[in-house]
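Residue-level structural notes
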Amino acid sequence: MVSEWMINEKRHAGEEHFDAEEVARFDEKMPFDPSSEIDILLEFGLSEGNTVVDFGTGTGVFPLAVAEHCDRVVAVDVSETMIDVVDEKIEKRGIQNIETIHDGFLSYDHQGDPVSFVFSKDALHHLPDFWKIEALKNIGETLEEGGIFRLRDFVFSFDLQNSHKNIESWLDEKKQSTIFADEELYVHFREEYSTYGFLLEPMLEQVGFEILESTYEQDFYAEYICQWHGSPT
Ligand SMILES: C[S@@+](CC[C@H](N)C(=O)[O-])C[C@H]1O[C@@H](n2cnc3c(N)ncnc32)[C@H](O)[C@@H]1O
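Residues numbered from 1 in each chain as written. Predicted model: local features only at pLDDT ≥ 70, side-chain atom pairs only at ≥ 80, totals over all residues. Heavy atoms only, no water.

1. Some thoughts on helix H3 (residues 35-43)
Of all the positions in H3, only Glu37, Ile38, Ile40 and Leu41 are classed as buried. Here the buried residues of H3 occupy an arc of 160 degrees about the axis, which is enough to place them on one side. In this fold, the buried residues of H3 make contact with helix H4 (61-66), strand E4 (115-121), strand E5 (143-154) and strand E7 (221-228). Remark: Gly45 follows H3 within two positions and exhibits a positive phi of approximately 100 degrees. (Buried < 20%, exposed > 50% of the residue type's maximum accessible area, 1.4 Å probe, protein only. Helix = DSSP H or I, 4+ residues; strand = E, 2+ residues; numbered from the N terminus. Arc of directions from axis to C-beta. Contact = heavy atoms within 4.5 Å.)

2. Observations concerning the sheet that holds E5
Spatial ordering of the open sheet is given by E3-E2-E1-E4-E5-E7-E6, a layout of 7 strands whose pairing is mixed. Looking along the sheet, the strands with just one partner apiece sit at the ends: strand E3 (98-102) and strand E6 (209-217). Averaged over neighbouring strand pairs, the angle between their axes works out to 15 degrees when direction is ignored. In this structure, E5 lies alongside E7, joined through 7 bridges in antiparallel fashion. Paired with Leu151 across the strands is Tyr224, a residue of E7. Helix H5 (residues 80-93) contacts strand E2 (72-77) and E3 of the sheet and is inclined by roughly 165 degrees relative to E3. (Pairing = 2+ DSSP bridges. Axes fitted to C-alpha atoms, helices over the stretch in contact; angles between N-to-C directions.)

3. Digging into the state of the cysteines
This structure, assessed with the given rule, holds 0 disulfides. Not engaged in a disulfide, the cysteine Cys70 finds its nearest cysteine sulfur in Cys226; these two sulfurs lie 19 Å apart. A relative accessible area of 0% means that Cys226 is categorised as buried. (Disulfide = S-S within 2.5 Å.)

Here it is in structure tokens:
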């Protein structure tokens, strides 16, 4: 049920993810090799009978790769422009076991048996913290007891006393090493909701996930493997 006080997920999802020209350039701007992610899920028991749900799937790089290792993949994104691109790729490659769903972290209503694996990369930071918790609750409801949630996102682990200095050096480095316009880099801090790892970890735990592994990369990125138990661990 949607009420007036609830967040509009689309409005927070990043304008560039709805713009056809921007979306057409997405794979070039944010290249992603999913093979190590597949290896991790295989290590945690991914097998042919499983279903995997990918929240904030973007152009579908992950679902297209994981589909050959499982029974069914559900690719969820709040942007219809992204979903159209995934649908085109699925049709072109003749893949039968990927279902695309135009929905958000919050509005997605899982149908059928709970699943063994949920994946999400570079998407959760679009929601402010209260809504991150609501999203994590929905991910938990999608998973079976003991199911695995692989989360990767922009998460901070720099010294908070030197936040400005750290952000300035990150921006300098990205301006040199990526094709993102300066404005696109500033948006991460000005308009999106990345948070510190020391805040995100208790959120995951309060919702009912056990964090099995956490990795923090270069102060601005984190990767978690979490297991769903349904109550704080
Ligand atoms: C930076 S892209 C990442 C795409 C893909 N996961 C990847 O790593 O290649 C973020 C994606 O999250 C989607 N997104 C943002 N907010 C969302 C929400 N509330 N629910 C579902 N998807 C969302 C955007 O539309 C976009 O496709």
